[in-house]
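Observations on chain architecture
Chain by chain, the residues run as shown.
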Amino acid sequence: MMEPREIKPDELEALALGTGILGTGGGTHPYLELLNLKKLQREKRRIRVVAPDSLKDDALVAEIGFMGAPLISKERLPDPSMLSRALVSMERFAGVRFSAVMSSEIGGENGLAPMTVAALHDLPIIDADPRGRAFPEMQMSSFVIAGLPLYPTALADVRKNDMIIAKSQNAGWTERIGRKLCVETGSVLATCRPPRTGRQIKDSAIHGSISRAIRLGASILDARREHGDPIEAIINNESATLLFDGKVVDVERRTAGGFVRGSTKIVATDKREGSTLTIDFQNEFSLARFGDEVLAMVPDLICVLDRATGEAVGTETIRYGMRVAVLVLDAPAALKTVEALRVVGPKAFGYDMKYRPHSGYKEKCEVV
Amino acid sequence: MKRIGIDVGGTNTDAVVIDGDQILGSIKTPTTQDVTSGVVNALRQVLKESKTAPESLDAVMIGTTHFTNAVAQRRDLSKVAAIRICLPASASLEPFIDWPSDLADIVRGDIYMLQGGHEFDGRPIAEFDEDGMREAARSIRSSGLSAVAITSVFSPLTSELEERAAQILLEEAPDVSVTQSHTLGRIGLLERENATLLNASLHQLAKKTTAAFTEAMEACGISATLYLTQNDGTVMLSAVAQKFPVFSFASGPTNSMRGAAFLSHLSDAIVVDTGGTTADIGMLRNGFPREANSVVEIGGVRTLFRMPDLFSLAIGGGTLVTRDPLKVGPHSVGYELPQRSTVFGGNEVTATDIAVAAGLIDLGDPARVADFDKQFVADAVEAMRSMIADGVDRMKTEAADVPVIAVGGGAFLVPREIPGVSEVIHVRHGEVANAVGAAIAQVSGECDQIFQGISREEALAEARRTAENRAKDAGADPSTIELVELEDLPLAYMPGNSLRVRARVVGSIG
């Protein structure tokens, strides 16, 4: 394994901002996880990041993340020891010894939470994840897309209940069974997904996720320091398109099938003054359109950011009157294959349309 | 109804007498170190000025910066014992985890984390550790701490454990002052706990301050009801407010904006409140300040209070202006303006001196600034003008021209014309807009709860009823209560159509 790089305390804020943006509305700035990481660093625990390519093919990696409702964690504060129990119970069940940790999704709280476990166990964390963003369901993963099973999966609740889904008919069933367990135990569970090998990660994970998050956050922090425009800074440093600059004039939410569904309307305050962008969401932002004309859709990353601070705005926190910028970041290539689109494309979110990459619409969006 | 509104600021104490919609008189006096004598001065002067008999008054409403300043300046704070009912959840992030260390060193007493707390749906996380609570209570008594903050997981939804814990605590340590987190509102354990700790830590100062206000009223022969203003533009009976000093944080800017709305008869406008040191720019919507979206920090501590969205500029009547190179602020002579500025016989050049030299206002001795270089004065006026214009533009949420209401003692610094502004309005009594805002404050009630298994309509109605009952308890006349905010939020990954509803009502004091 190549020498891991240690994350410095002053990089954590950038990481938190970046994972918030990659949450595409499903999560926001993971403040509580950031506090956990800062505390671990004060206790001299190390957060070490390593590139996926430096893994040995037969190395075993723990894929870690919380599942459940973000709001619950605002009261039952996220605790690294819960994730740690899921990891240990998987090691026992599968009879393996993990040599590294990987995040189950880089977007939102789960971009940071696995680092706390890595720090507790003094294991490195892999600069990769199976989503490159946030998704609402467990089976929406590049490993599942690559045909790997989503079992065994270990789950741990806030008490002393450790659970294993030993085998499932398919990944969808792991999600359905896991979701039941999750609700019964208070709507947040720590999970350790099936052990992944170094080879599988090299072939099927999305590489560079942590680096991307830090880069995004650092752009914002640099701009703030220089009193510049954080949105412009992101566009200059990332392959991102500014779709819209405007003000939230309507938010409509409802619960359907256990998810927050709805849409928000944003009226332009830039040179397209008066025109209205509609963004649909299903926990995350899923589709952006002018009337019937679709401009961006899943799996591309539709990110709504506070116009002044550059901080991510979530589907649960977006409110009337907010000044926001809507950015679209290209989805990783692994999410855009024919197989991938079946799992994470517009049809998987109930839209009867074919995926068209945002880049195909760019000329219509008057890149600013 | 006849009432007095008072705003006790860092520099000035302003007071106004209002009868219905009529302003009978207003005054401005320097704030004194000793609270009582400053308020006595203000009361006496304003009664005299307005020719009001003390016994004819119905209410006195006071807005104060005492509590905000105590936290900001780290003084007059009590040490607090923190009790959190949460285990086995929430163990890794203990109370005070995100406090600035200098403040935590002053406020942090013993910390007790106990088994208990609730799930979002009201089920217990684990059985409440009553024995542990009793042990904690005994140990608090023997340690001699006078203030205790109790926070339980999901207590805004069900407060029973905090109430039980307080009961045990008072059985063992009857003299302590207790703040229970559910009385301060919202979901968000850490932020709610922070507010609870701050509140507990201010209990002695709150008692002392409200006693001083009552004493000042008695000294002036006023027997009217005393209210304190809160950050949302409403008031609480002083007996209640004394238990919740944190609710008065940032009430000053809110009062100014509410006062500006009242004086101008406008409900949608930008307000520029210029004092001695800063100009606070905010946006009025339906007569209330637009609130900041983000989490609000008080003295570096993260809380969930709703605060007006303000943009503060370092420009005020006492702001220092230098010539070579031309520089306006950020330093100010503040409350020493009457001694240090040129027109008042001092040696410093302040924004006030520039305004007098430019003929914007007649103050002090204009002859003392008559020989100021014309170009310098013009440049300085232009610099202030463009700073204020830029600040106004930042707060604008629409492209159309909006009116600006200029209030505060330094309102003369606001230019008559600003790009993107339909008109700049200077109102009579604008220099005491904050006291006017205090005098016209209403009472409110709020509810923030998760509902399950009932329809959306039922949940909205239930939340509204709870908020209305709270407003009535706070002194509102039921016939005047109106809904100002009703927001519902379906919750992801939760069963049974879970819905979080937030309702807020306001009403006039009955």
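Everything below is about the structure shown above.
Residues numbered from 1 in each chain as written. Chains lettered and ligands numbered in written order. Predicted model: local features only at pLDDT ≥ 70, side-chain atom pairs only at ≥ 80, totals over all residues. Heavy atoms only, no water.

In this section: the overall build of chain A. The secondary structure content of chain A amounts to 11 helices and 18 strands. For chain A, the C-alpha radius of gyration of 19 Å lies close to 21 Å, the compact-globule estimate for 368 residues. Taken over the C-alpha atoms alone, chain A extends approximately 60 × 45 × 40 Å along its principal axes. Counting the 368 residues in chain A, one finds 62% classified as buried. Sequence separation of 24 or more characterises 72% of the internal contacts of chain A that already satisfy a separation of 6 or more. Accessible surface, chain A: about 13,500 Å² in total, of which carbon and sulfur atoms supply 50%. Across chain A, the mean location of the 49 positive side-chain charges is 3 Å away from that of the 48 negative side-chain charges. (Helix = DSSP H or I, 4+ residues; strand = E, 2+ residues; numbered from the N terminus. Rg over C-alpha atoms; globule rule 2.2 N^0.38 Å. Buried < 20%, exposed > 50% of the residue type's maximum accessible area, 1.4 Å probe, protein only. Contact = heavy atoms within 4.5 Å. Areas by Shrake-Rupley, 256 points an atom, 1.4 Å probe, with all protein chains shown as cover. Lys, Arg positive; Asp, Glu negative; His and termini not counted. Charge placed at Lys NZ, Arg CZ, Asp CG, Glu CD.)

So, on to the packing of helix H2 (residues 31-42) of chain A against helix H5 (residues 113-120) of chain A. Residue and element names in this part refer to chain A. Where H2 contacts H5, the axes come no closer than 9 Å and their chain directions differ by 20°. Classed by the angle they form, the pair H2 and H5 counts as roughly parallel. Crossing angle aside, the handedness with which H2 passes H5 is left-handed. Side by side, H2 and H5 meet where Glu 33, Asn 36, Leu 37 and Leu 40 of the first sit next to Ala 113, Met 115, Thr 116, Ala 119 and Leu 120 of the second. Broken down by class, the residue content of the contact of H2 with H5 amounts to 6 nonpolar, 2 polar and 1 charged. (Axes fitted to C-alpha atoms, helices over the stretch in contact; angles between N-to-C directions. Parallel < 35°, antiparallel > 145°, perpendicular 65-115°, else oblique. Left-handed = near helix turned anticlockwise from the far one by under 90°. Nonpolar A, V, L, I, M, F, W, Y, C, P; charged D, E, K, R; others polar.)

With that settled, the discussion passes to the interface of chain A and chain B. Opposite the 40 residues of chain A that make contact, chain B presents 47 residues. Carbon and sulfur atoms make up 55% of the area that chain A and chain B hide from each other, which totals about 3,700 Å². At the junction of chain A and chain B, the tally comes to 5 salt bridges. Between Arg 123 of chain B and Glu 184 of chain A there is a salt bridge whose closest N-O contact spans 3.4 Å. Put simply, chain A and chain B have 17 residue pairs in polar contact (both at pLDDT 80 or more) between them. Looking at the side of chain A that touches chain B, the elements that each hand over two or more residues are H2, helix H3 (70-73), helix H7 (171-184), strand E12 (240-256) and strand E13 (259-268) of chain A. For the side of chain A that touches chain B, the element with the most residues is H2 of chain A, which contributes 6 residues. In terms of residue class, the side of chain A that touches chain B is built from 16 nonpolar, 8 polar and 16 charged. (Buried area = accessible area lost by both parts, 1.4 Å probe. Salt bridge = Lys/Arg side-chain N within 4 Å of Asp/Glu carboxyl O. Polar contact = N/O pair within 3.5 Å; in protein donor to acceptor, adjacent residues only side chain to side chain.)

What follows is about the pattern of salt bridges. Taken as a whole and judged by the stated rule, the model has 43 salt bridges over all chains. Between Arg 74 of chain B and Asp 102 of chain B there is a salt bridge whose closest N-O contact spans 2.9 Å. Separated by 28 residues along the polypeptide, Arg 74 of chain B in the loop between helix H2 (66-72) and strand E5 (80-87) and Asp 102 of chain B in helix H3 (residues 101-107) bring together distant segments of the chain. Shared partners join several salt bridges into a network, and the residues in it are Arg 76, Arg 85, Asp 157, Arg 159 and Asp 162 of chain A together with Glu 119 of chain B.

Another aspect to go through is the packing of helix H9 (residues 209-225) of chain A against helix H10 (residues 230-237) of chain A. Residues and elements named next belong to chain A. Packing of H9 against H10 brings their axes to within 8 Å, and their N-to-C directions diverge by 135°. Relative to H10, H9 is oriented oblique. You can see that H9 and H10 cross each other, and the crossing is right-handed. Contacts between H9 and H10 involve Leu 216, Ser 219, Ile 220 and Ala 223 on the former and, on the latter, Pro 230, Ala 233, Ile 234 and Asn 237.

All names here are of chain B. The topology assignment puts Lys 2 in strand E1 (residues 2-8). Despite being buried, Lys 2 has no salt bridge partner; Asp 19 is the closest side chain of opposite charge, sitting 4.8 Å away. In this structure, Lys 2 is in contact with Val 17, Ile 18, Asp 19, Leu 24, Thr 52, Ser 56, Leu 57, Asp 58 and Ala 59, ignoring residues within four places of it in sequence.

Glancing now at the sheet that holds strand E8 (residues 177-180) of chain B. Whenever strands of a sheet pair, they do so through backbone hydrogen bonds, lying parallel or antiparallel. Residues and elements named next belong to chain B. In spatial order, the strands read E6-E5-E7-E8; together these 4 strands make up an open sheet with parallel pairing. A single partner strand is all that each edge strand has here, and the edge strands are strand E6 (108-115) and E8. Going from strand to strand, the sheet's axes swing by 20° on average, the running direction of each strand aside. Sheet analysis places strand E7 (residues 147-152) next to E8, joined by 4 bridges and oriented parallel. Bridged to Ile 150 within E8 is Gln 180. Taken strand by strand, helix H4 (residues 130-143) contacts E5, E6 and E7, and its axis lies near 170° from that of E6. (Pairing = 2+ DSSP bridges.)

Before going further, it helps to examine the pairing of strand E7 (residues 153-156) of chain A. Residues and elements named next belong to chain A. Side chains of E7 alternate between two faces, with Thr 153 and Leu 155 and Ala 154 and Ala 156 buried alike. As judged from the 4 bridges shared by E7 and strand E8 (residues 162-165), these two strands associate in the antiparallel manner. Across the sheet, Thr 153 pairs through a bridge with Ile 165, a residue of E8.

Counting across every chain of the model gives 4 cavities of 30 Å³ or more. Counted as a void, the largest cavity has a volume near 60 Å³. Considering the residues around the largest cavity, the lining is formed by Phe 66, Ser 73, Arg 76, Leu 77, Pro 78, Asp 79, Met 82, Val 158 and Val 188 of chain A together with Ala 89 of chain B. Of the residues in the lining of the largest cavity, the class split is 7 nonpolar, 1 polar and 2 charged. Looking at the second largest cavity, its volume works out to about 50 Å³. Along its surface, the second largest cavity is lined by Phe 67, Leu 228, Thr 229, Gln 230, Met 236, Ala 241, Phe 244, Pro 245, Phe 247 and Ser 248 of chain B. Its residues assigned to classes, the lining of the second largest cavity shows 7 nonpolar, 3 polar and no charged. (1 Å grid on protein atoms, 1.4 Å probe; cavity = no way out; pocket = protein on both sides within 12 Å on 5 of 7 lines; lining within 4 Å. Points joined across faces, edges and corners; volume = space filled by probe spheres on them.)

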